[in-house]
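# Coordinate analysis (summary)
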Amino acid sequence: MKPMIRHRVGWWGIAALSMSWFAVACASSVEEKAAGRAEDDLGQGDGIDVQAGDIHVALSRGTLSSAVLPKDADSAITVTLTNRGSRSVRMLAWSTLLEGIEAPLFDVRRDGEPVPYIGRLYKRAAPVAGDYVVLAPGERLVRTVNLAEAYDLSISGNYRVQFRADLPGLAGHTQRAAALLSNDLDLWLVGRPAPAREPDHAFDVYGGGEPSAQPFRYYGCSDAQAKKLQDGLVAAEDYAINSYYYLVNHTASTPRFTTWFGTFSPAARNTVGPHFTNLANTFVQKNFFFDCATCTRPNVYAYVYPDRPYNVYLCPVVWNRPIRGTDSVGGTLVHETSHFLAVAGTRDYAYGQSACRSLATSNPANALQNADSHEYFAENNPVLP
C-alpha cells in the first residue's frame, strides 16, 4: 500500500525523507532550410536518421574579426552543418538550431570549467514529419546563434566552445551512442548580463483541490487548467514518493529499473535515488509558478529554465493528456521539475518510451540523467515489477 505522506509531511518529515535515502544508499549549400518534409515525400533511402560521419559540423566567429569579445559585443557564433555523406539524412529541427538554442547542444567551458546551460529545456512529443529537417548529399545549413541566450557568460575569461550533440537526441529513434562533434572555438569574453527571458507576471493564487494541498501560483490559466494542474501536482507527488520508496526497498536489479535506467548497480541506484528524494520534497512543498499562456509551440508539452525554479511553462500538448498514465500531466511535471538544477539537473537525451528503452541499453549513463526516463520510471505504465 502506498504510504500516506502527503497530508502529514512538514519540514521535519521532508528533512527525514532526504536523510533516509542517504542512510539506505550508504548501507547498500543552403543558408536557411525550412523544417520538415511530409513523411510520404521521404523516398527509399531519403531522410535516414543521421549517423556518425554523415554530418560535418564547423564553428566559426561569424562576422567577428577578433577572438576577444568586449562586454557590449554580441556573443554570436556561426554553426555550419554539412551533409558529407552519399545519402539524404534527417535531423530534428531543434537540433539544427532552427529556432535558436533550444537544448544544451554546446559544450561551453570557461578556463577549463563547464559553464551551465540556462536555456529552455522542453518535454517534446514523439516527432512527426514536420519536426525534421532533411539534408541532401552536399547540402548545408548555416545558423548564427547568441551563446548568451542559453549559457551563463556572466564571468570574464577564456571560453572554449564545441557543438556536441548525442545522435539519439538528433534523430529521436536511433540506438547509437555516438556524438556529433565540431571543432573547438576559443574566445575571450568579458562577462555580460544574464539573458532576457519571459517577464515575471502578476501570478494569481490557486488554492483549489484537497484541503491540505498548498496553493500554487499561475498566470493565464483557465479554471479548468488550474484544476488540471492541481490534480497533476497530486499525481506527480504520488509518483515521486512512490519512486523514492521503490528505490529504497529494491536493492537489486529489477525489470523496472533496467528498462528505464539500464544495467543495475549500487552506483546507478545512488544516482537516481536522490533525484526522486528531491522531486518528492519539491512536490510536497508545491512552490510552483505555472504559466499557461506564453507557450504556443505545437508538439510540445512544457518547458522550464533549469536555473529558475519552480517556474513551469505549459504548452498545448499537455492539456490533452490524462492526469495519470504514460505522458500524463503528473508525469510531465515530474519530467520538467527534474530539469531544475536545484532538483536533479536532468537533460533530454531521448524522448518517448521506445527511444528511452533504447537509451537504457545503448547508454545507461545518459539514461540516468534523462528526464523522460525519470518520468517513465515514475509513471510505471505499463506496470513493471
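Residues numbered from 1 in each chain as written. Predicted model: local features only at pLDDT ≥ 70, side-chain atom pairs only at ≥ 80, totals over all residues. Heavy atoms only, no water.

By the naming in an unreviewed UniProt entry, the protein is M35 family metallo-endopeptidase, taken from Pendulispora albinea. The Cofactor (unreviewed entry) field of the UniProt record for the protein holds the comment "Zn(2+)". (UniProt positions renumbered as here; feature names shortened; annotations may be inferred.)

Attention shifts here to the overall build of the protein. A count of helical and extended segments in the protein gives nine helices and 18 strands. Expressed as a percentage of its 385 residues, the buried residues of the protein come to 55%. Accessible surface, the protein as shown: approximately 16000 Å² in total, 53% of it carbon and sulfur. (Helix = DSSP H or I, 4+ residues; strand = E, 2+ residues; numbered from the N terminus. Buried < 20%, exposed > 50% of the residue type's maximum accessible area, 1.4 Å probe, protein only. Areas by Shrake-Rupley, 256 points an atom, 1.4 Å probe, with all protein chains shown as cover.)

Below, the discussion takes up helix H3 (residues 223-249). Here H3 is 27 residues long and its end C-alpha atoms lie 39 Å apart, about the 39 Å a rise of 1.5 Å per residue gives. Counting buried positions along H3 yields 20 of 27 residues, so the element is predominantly enclosed. (Expected span 1.5 Å × (residues − 1).)

Before going further, it helps to spend a moment on the state of the cysteines. This structure, assessed with the given rule, holds two disulfides. Two residues, cysteine 295 and cysteine 315, share a disulfide whose sulfurs are 2.1 Å apart. Because the torsion about its S-S bond is 105°, the bridge between cysteine 295 and cysteine 315 counts as right-handed. One end of the pair, cysteine 295, is in the loop between strand S16 (289-291) and strand S17 (300-304); the other, cysteine 315, is in the loop between strand S18 (311-314) and helix H6 (329-339), with 20 residues separating them in the sequence. Judged by relative accessible area, cysteine 315 falls into the buried class, the value being 1%. Disulfide connectivity for the protein, with bonded cysteines indexed by sequence position, reads 1-2, 3-4. (Disulfide = S-S within 2.5 Å.)

Moving on, we come to the sheet that holds strand S1 (residues 48-49). Here three strands make up an open sheet; going across it, the order is S1-S5-S9 and the pairing mixed. Either end of the sheet is taken by a strand with one partner, and the two such strands are S1 and strand S9 (132-135). Sheet topology note: the strand S5 (residues 89-92)/S9 ladder contains four bridges and is antiparallel. Considered in S9, the bridge of valine 89 is made with leucine 135. (Pairing = 2+ DSSP bridges.)

Orientation of H3 relative to helix H9 (residues 371-379), taken along the N-to-C sense of each, is 85°, at an axis distance of 9 Å. In terms of orientation, H3 lies roughly perpendicular with respect to H9. Contacts between H3 and H9 involve Tyr239, Ser243, Tyr246 and Leu247 on the former and, on the latter, Phe377, Ala378 and Glu379. Classifying every residue of the contact of H3 with H9 by side-chain character gives five nonpolar, one polar and one charged. (Axes fitted to C-alpha atoms, helices over the stretch in contact; angles between N-to-C directions. Parallel < 35°, antiparallel > 145°, perpendicular 65-115°, else oblique. Contact = heavy atoms within 4.5 Å. Nonpolar A, V, L, I, M, F, W, Y, C, P; charged D, E, K, R; others polar.)

With that settled, the discussion passes to the nonpolar core. By size, the foremost hydrophobic cluster in this structure holds 103 residues, and its most contacted members are Phe106, Tyr151, Phe163 and Phe290. Here this core takes 11 residues from H3, the largest share from any one element. Residues within four places of phenylalanine 106 in sequence aside, it is in contact with Leu59, Ile77, Val79, Leu97, Ile101, Val145, Leu147, Tyr151, Val161, Gln162, Phe163 and Arg164. (Core = buried A, V, L, I, M, F, W, Y, C linked by side-chain atoms within 4.5 Å.)

Reading across the sheet, the three strands line up as S2-S4-S10 and stay open at both edges, with antiparallel pairing between neighbours. Taken across any chain shown, the strands that pair with only one partner, and hence form the sheet edges, are strand S2 (55-60) and strand S10 (140-146). The average undirected angle you get between the axes of adjacent strands in this sheet is 20°.

Okay, the pattern of salt bridges next. One side chain can pair with another of opposite charge once the charged atoms of both are near each other. Within the structure shown, the criterion is met by 13 salt bridges. The shortest N-O distance in the salt bridge between arginine 160 and aspartate 184 comes to 4.0 Å. One end of the pair, arginine 160, is in strand S11 (residues 157-166); the other, aspartate 184, is in the loop between strand S12 (179-181) and strand S13 (185-189), with 24 residues separating them in the sequence. The salt bridge involving aspartate 186 is made with arginine 160; its shortest N-O contact spans 2.7 Å. Here aspartate 186, found in strand S13, pairs with arginine 160, found in strand S11; they are 26 residues apart in sequence, far enough to count as distant. (Salt bridge = Lys/Arg side-chain N within 4 Å of Asp/Glu carboxyl O.)

Time to look at the side chain of threonine 259. Position of threonine 259 relative to the elements: it lies in helix H4 (residues 255-261). Separated by 2.6 Å, the side chain of threonine 259 and the backbone oxygen of proline 255 make a polar contact. Excluding anything up to four places from it in sequence, threonine 259 contacts Cys356, Arg357, Ala360 and Leu384. (Polar contact = N/O pair within 3.5 Å; in protein donor to acceptor, adjacent residues only side chain to side chain.)

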